[in-house]
Amino acid sequence: MIQKELSIRDIDRIIEMAWEDRTPFDAILLQFGLKEQEVINLMRREMKPSSFRMWRKRVQGRKTKHSKKRTFEEGRFKCSRQKQITHNKISKRN
């Protein structure tokens, strides 16, 4: 397997995306070019053993981590109680 050149920032983002329940492995592949097995290897290498085991237990069989197993087709799941963002503007406080 060829080791891809990833910055520390990229590795941090991949780990963050891997921990997110609703971010599929396909999104990591698209953004960073890492297949699911490569993400697993990166997580094993970069995390403490106990954290890796906890992540693997959490991710195994999770439908939302695999695009083909999702119950929704496009976009992302959105809770009906989630507030709408109007014109994607966020008020800034100074």
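What counts and how
- Residues numbered from 1 in each chain as written.
- Predicted model: local features only at pLDDT ≥ 70, side-chain atom pairs only at ≥ 80, totals over all residues.
- Heavy atoms only, no water.
- Buried < 20%, exposed > 50% of the residue type's maximum accessible area, 1.4 Å probe, protein only.
- Helix = DSSP H or I, 4+ residues; strand = E, 2+ residues; numbered from the N terminus.
- Arc of directions from axis to C-beta.
- Contact = heavy atoms within 4.5 Å.
- Expected span 1.5 Å × (residues − 1).

Quick notes on helix H4 (residues 49-59)
Moving on, step 1. Taken together, the buried positions of H4 are Ser51, Phe52, Trp55, Arg56 and Val59. Within H4, the buried residues cover an arc of 135 degrees as seen down the axis, which keeps them to one side. In H4, the exposed positions that point more than 90 degrees away from the buried face belong to Pro49, Arg53, Met54 and Lys57.
Moving on, step 2. Buried residues in H4 make contact with helix H1 (8-19), helix H2 (25-32) and helix H3 (36-46).
Moving on, step 3. Immediately downstream of H4, the backbone of Gly61 shows phi near 80 degrees, a positive value.

Observations regarding H1
Moving on, step 1. Compared with the 16 Å implied by 1.5 Å per residue over 12 residues, the 17 Å span of H1 between its first and last C-alpha is a close match.
Moving on, step 2. Turning to H1, its buried residues number three or more, namely Ile11, Ile14, Ile15, Met17 and Ala18. Looking straight down H1, one finds that the buried residues subtend no more than 165 degrees of arc, so they occupy a single side. Across H1 from its buried face, at more than 90 degrees, point the exposed residues Ile8 and Arg9.
Moving on, step 3. On its buried face, H1 sits against H2, H3 and H4.

Read these as layout, nothing more, since geometry by itself doesn't imply function.
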